[in-house]
Amino acid sequence: MAEGSQTIMEKAEARFLEKQKKTVERNKATAEYLSEAKARTIKTARLRELRLAKEEADRVAEALNPAPKKKRAPRTVKKADSTEVKS
């Protein structure tokens, strides 16, 4: 009977150790995911700030130096061919 209880105890301990290992792995994966998400959020915010600053600088530059308007090409009147011989 002592031998049977040892195997039960060994099995229980093995299951416990396996659960602990999985918990550690899960916690590690969760921490990695959260750190990547935080880094992505920070990078997105930085890029957004840069984009908004560039857009503002472009608006200011456009206000100070407006682009010259394109001149329209004058309309040309097509002349009828006077060399045609009509019958």
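Calculation criteria
- Every chain is numbered on its own, with residues counted from 1 as its sequence reads.
- This being a predicted model, a pLDDT of at least 70 is required before a residue's local features are given, and a value of 80 or more before pairs of side-chain atoms are given or counted; all residues contribute to the totals for chains, interfaces and linings.
- The basis for every side-chain value is the complete set of non-hydrogen atoms in the structure, without hydrogens or water.
- Note on conventions: DSSP H or I runs of at least 4 residues are helices, E runs of at least 2 residues are strands, and numbering of each starts at the N terminus.
- Only protein chains enter the accessibility calculation, which uses a 1.4 Å probe; a residue is then buried when its area is under 20% of its type maximum, exposed when over 50%, and partly exposed in between.
- Here the open area of atoms and residues is found with the Shrake-Rupley method and a 1.4 Å probe, where only the protein chains shown may cover a residue.
- The salt bridge definition used is simple: a Lys or Arg side-chain nitrogen within 4 Å of an Asp or Glu carboxyl oxygen.

**Q** Which parts of the structure should I look at to understand the overall build of the chain?
**A** A count of helical and extended segments in the chain gives 1 helix and 0 strands. The buried share among the 87 residues of the chain stands at 0%. Surface exposure of the chain reaches about 9,500 Å², of which carbon and sulfur atoms provide 58%.

**Q** Sorry if this is basic, but what is going on with the pattern of salt bridges here?
**A** Two side chains with opposite charge may pair up if their charged atoms get near one another. Per the stated rule, a full pass over the model turns up 4 salt bridges. The shortest N-O distance in the salt bridge between Glu55 and Arg51 comes to 3.3 Å. In this pair, Glu55 and Arg51 are both assigned in helix α1 (residues 2-64), 4 residues apart and thus about one turn of the helix distant. When its relative accessible area of 42% is taken as the criterion, Arg51 is described as partly exposed. The shortest N-O distance in the salt bridge between Glu56 and Arg59 comes to 2.6 Å. Linking Glu56 with Arg59, this pair stays in helix α1, spanning 3 residues, or about one helical turn. The exposure class of Glu56 is partly exposed, given its relative accessible area of 40%.

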